[in-house]
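# Notes for the structure review
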Amino acid sequence: MKTIAVLTSGGDAPGMNAAIRAVVRTGCENGARVLGIRRGYAGLMQGDMYEMNLRSVSDIIHRGGTMLYSARSKEFCTEAGMQKAIDVCKDAGIEGIVVIGGDGSFRGARDLSLRGINCVGVPGTIDNDIACCDYTIGYDTCLNTIMDMVDRIRDTTESHDRCFIVEVMGRRAGYLALNAGIAVGATSILIPEMEFSIERDIIERMRRTQKTGKEHFIIVVAEGVNEKLVAQGINGVSALAKYVEHNLGVESRATVLGHVQRGGSPSCKDRVVASQMGSYAAHLLLNGIGNRVVAMQKEAILDYDIFEALNMTKSIDLSLYDTAMEISI
Ligand code: F6P
């Protein structure tokens, strides 16, 4: 009987539970023993795991977060930590692990694979910033959450003729900001992938729209742009709101959406994609195939070598930005 395991690592994302469920059910239905490892690589090093069965994953498909808990472990990145994890895998008879997480988690999966423990990565992050994938688990739910939150903010924006600067997640990537920005009709969108000028891309745009009669404004900013803001003398979205108010005379506020974006019941898309990817990953391991990342491209599920996946780059669709700027005026 084969023994495979599953863990979630890095920031949680809605849909991770659906992926865990798919791994466990696929494993069990195909005659494997399936272990659930708690708290990612930190739990793996401590041997914090338990045997799961078909019923262990009942009633979780609709829940946000991860029933296996998650963590980011510095110790695991050391040689000693890695060795601990390998010893645990050998003791428990683990032949392969499905690692649900982002790029950092995949680097751990690559290193374990190199040392003889087959790993398959499943992309789970709200940021949608994994190069080999068009889509990552949690992204759709997160976008819809942002859209819902900003729609609420819009009520106040309109009622008080204000400008709201809304900061959304995305430390290194602007997918959330760009797509949510277009969905909420943001006057300006700032993302880390693009150079911008506060004067040209915010102040001048707002001034131009004021002349056409617009009196309330939403600006969507990815958290990852702060360095670029600082380089222009503005540290953080509150300072940006003050700057806008001072320069345009429009009462302004900043809202940092924060971790509300990462929680909540997964959307239909996230549940379906997570189910497909989890099942695909388990089948790879059951067939003795490791060192792969499961990906979605043009709606198809496929897999890549982890090394290749980690070396790929992905660029954001800037034509979407141009469209947003043309129509959100
Ligand atoms: O990678 C997902 C993410 O939510 C990023 O968008 C964000 O920058 C980061 O995690 C926040 O991490 P933490 O929950 O550790 O503060």
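Read on for a plain summary of the structure. (Residues numbered from 1 in each chain as written. Predicted model: local features only at pLDDT ≥ 70, side-chain atom pairs only at ≥ 80, totals over all residues. Heavy atoms only, no water.)

Bringing the site of the ligand into the picture now. Every residue lining the ligand is accounted for by R72, T125, I126, D127, M169, G170, R171, E223, H259 and R262. Contacts to the ligand include H259, whose side-chain N or O atom sits 2.8 Å from an oxygen atom. Note that an oxygen atom of the ligand is positioned 2.9 Å from one of the side-chain N or O atoms of R262. The fraction of the free accessible surface of the ligand (400 Å²) that becomes covered by protein chains is 77%. Residue composition of the shell around the ligand, grouped by class: two nonpolar, three polar and five charged. Residue assignment places the shell around the ligand across two domains, with domain 1 (3–138 + 266–311) and domain 2 (140–262) each supplying three or more. (Near = heavy atom within 4 Å. Polar contact = N/O pair within 3.5 Å; in protein donor to acceptor, adjacent residues only side chain to side chain. Areas by Shrake-Rupley, 256 points an atom, 1.4 Å probe, with all protein chains shown as cover. Nonpolar A, V, L, I, M, F, W, Y, C, P; charged D, E, K, R; others polar. Domains from an automatic or database assignment.)

This part covers the nonpolar core. General note: in soluble globular proteins, nonpolar side chains tend to be found buried as a group. Counting 83 residues, the largest nonpolar core has I165, L176, I189 and L240 as the members making the most contacts within it. The element contributing the most residues to this core is helix α10 (residues 268–286), with eight residues. In this structure, this core is formed jointly by two domains, domain 1 (3–138 + 266–311) and domain 2 (140–262), each of which donates at least three residues. Beyond its immediate chain neighbours, meaning those up to four positions away, L240 contacts I165, L190, I198, I202, V221, L229 and I234. (Core = buried A, V, L, I, M, F, W, Y, C linked by side-chain atoms within 4.5 Å. Buried < 20%, exposed > 50% of the residue type's maximum accessible area, 1.4 Å probe, protein only. Helix = DSSP H or I, 4+ residues; strand = E, 2+ residues; numbered from the N terminus. Contact = heavy atoms within 4.5 Å.)

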